[in-house]
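Read off the chains here:
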Amino acid sequence: MTLPPPPAALSLPDGLMEAVKRAHATPARAYHGLDHVAEVLGHWQSVADGPGWAQPRETWLALLFHDAIHEPGRSDNEARSAQFARDCIGRWLGDRGLDAIRVAALIELTARHGQLVPADFDDDPHPEDARNLLDCDMAILGADARRFDAYDAAIAAEYRPVVPGWLFRIKRRAFLKGLLARERIYLGDFFHARLDAAARANLRRAVTGKR
């Protein structure tokens, strides 16, 4: 899958994009690869065409880098991805006036999927950006049933080499069940209105095993 183009005000050097591609090539990934990045950047574009972004360049870069480092079983993937993003921005985009600290902070928020509520961002300088960015990454939950099932199977495949199957199934079911129990799966109104019903239907199928 080809990555969607960045915002008009953000041109990316070839070296940066090669670094991004190399990062996503290891380890072998069933889900958290460049196809996933392309998908979430497609959702970024939907927001851009709808309610809009206060910081379009920073949010686009945060999604580009958010899974650059992904080793199943590690708890510091997001922090390492955030540092990788800062390093790349400093090396290739240091003269563009970008807020690299904001990019890194948005990436680190993705470690807290399923733990946050909309009000957590009330004091954020750009609360809707934070809510919508996290929702872009979770939009797969509201995909059609076939796409959701492929995603769910791919996550299992990624963890198979590092987590016993029985333990993965217990933890995965608990995570999905926790999402289903939440008052809001999506933090922003844009994704909540469009995807909540489909996401809940997918999650119910997943936790009950009725596919």
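Residues numbered from 1 in each chain as written. Predicted model: local features only at pLDDT ≥ 70, side-chain atom pairs only at ≥ 80, totals over all residues. Heavy atoms only, no water.

J.: Explanation requested: the overall build of the protein in the structure shown.
T.: Per the secondary structure count, the protein includes nine helices and zero strands. Element order for the protein, N to C, with α for helix and β for strand: α-α-α-α-α-α-α-α-α. Rg of the C-alpha trace for the protein: 17 Å, near the compact-globule value of 17 Å for 211 residues, within the 12% margin. Considered along the principal axes of its C-alpha atoms, the protein spans approximately 50 × 35 × 30 Å. Relative to its 211 residues, the protein shows a buried fraction of 49%. Taking the contacts inside the protein whose residues are at least 6 apart along the sequence as the reference set, 71% of them involve residues at least 24 apart. Surface accessibility of the protein: about 10300 Å² in total, with carbon and sulfur atoms responsible for 53%. Looking at charge distribution, the protein has the averaged site of its 28 positive side-chain charges lying 8 Å from that of its 29 negative ones. (Helix = DSSP H or I, 4+ residues; strand = E, 2+ residues; numbered from the N terminus. Rg over C-alpha atoms; globule rule 2.2 N^0.38 Å. Buried < 20%, exposed > 50% of the residue type's maximum accessible area, 1.4 Å probe, protein only. Contact = heavy atoms within 4.5 Å. Areas by Shrake-Rupley, 256 points an atom, 1.4 Å probe, with all protein chains shown as cover. Lys, Arg positive; Asp, Glu negative; His and termini not counted. Charge placed at Lys NZ, Arg CZ, Asp CG, Glu CD.)

J.: So what exactly am I meant to see when it comes to the layout of surface pockets here?
T.: Space left empty within the atom packing is revealed by a probe, the size of a water molecule, rolled over the atoms. Considering only enclosed or pocket space, the largest pocket measures out at about 900 Å³ in volume. Taken together, 29 residues make up the lining of the largest pocket; nearest its centre are H70, E78, Y159, R172 and F175. Elements that contribute at least two residues to the lining of the largest pocket include exactly α4 (77-92), α6 (127-138), α7 (145-159) and α8 (165-181). In terms of residue count, α8 provides more of the lining of the largest pocket than any other element does, five residues in total. Here the residues of the lining of the largest pocket sort into 12 nonpolar, nine polar and eight charged. Along the wall of the second largest pocket there are 14 residues; nearest its centre are A156, G165, F168, R169 and R172. (1 Å grid on protein atoms, 1.4 Å probe; cavity = no way out; pocket = protein on both sides within 12 Å on 5 of 7 lines; lining within 4 Å. Points joined across faces, edges and corners; volume = space filled by probe spheres on them. Nonpolar A, V, L, I, M, F, W, Y, C, P; charged D, E, K, R; others polar.)

J.: Would you mind showing me how to read unusual backbone geometry here?
T.: Across the chain, the bulk of peptide bonds are trans and the bulk of non-glycine residues have phi less than zero. Geometrically, the link from T26 to P27 is a cis peptide bond, its omega value of -15° lying close to zero. Along the chain, P27 falls in the loop between α1 (14-24) and α2 (34-49).

J.: Whenever I open this one, the environment of H126 confuses me. Can you help?
T.: Within the secondary structure, H126 sits in the loop between α5 (100-109) and α6. A relative accessible area of 27% places H126 in the partly exposed class. In this structure, the C-alpha to C-alpha distance between H126 and D76, residues 50 residues apart in sequence, is 25 Å. H126 has contacts with A54, Q55 and R102, leaving out every residue within four places of it along the chain.

J.: Looking at this structure, how should I read the nonpolar core?
T.: The tendency in soluble globular proteins is for nonpolar side chains to be buried side by side. Core analysis: the largest hydrophobic core is formed by 65 residues, its most contacted members being L12, L16, L61, L64, F65 and L141. Not counting chain neighbours up to four residues away, the residues in contact with L61 comprise L10, L12, I89, L93, L98 and V103. (Core = buried A, V, L, I, M, F, W, Y, C linked by side-chain atoms within 4.5 Å.)

J.: Just checking my understanding: could you explain the packing of aromatic side chains for this structure?
T.: Geometrically, a pair of aromatic rings is defined through the distance of the ring centres and the angle of the planes. One pass over the full model with this rule turns up seven aromatic pairs. Put simply, the rings of Y31, F148 and Y151 touch in pairs and so form one group of aromatic residues. The ring centre of F191 lies 5.1 Å from the NZ or CZ of R194, which sits over that ring. (Phe/Tyr/Trp six-rings, centres within 6.5 Å; stacked < 30°, edge-to-face > 60°. Lys NZ or Arg CZ within 6 Å of the ring centre and 35° of its normal.)

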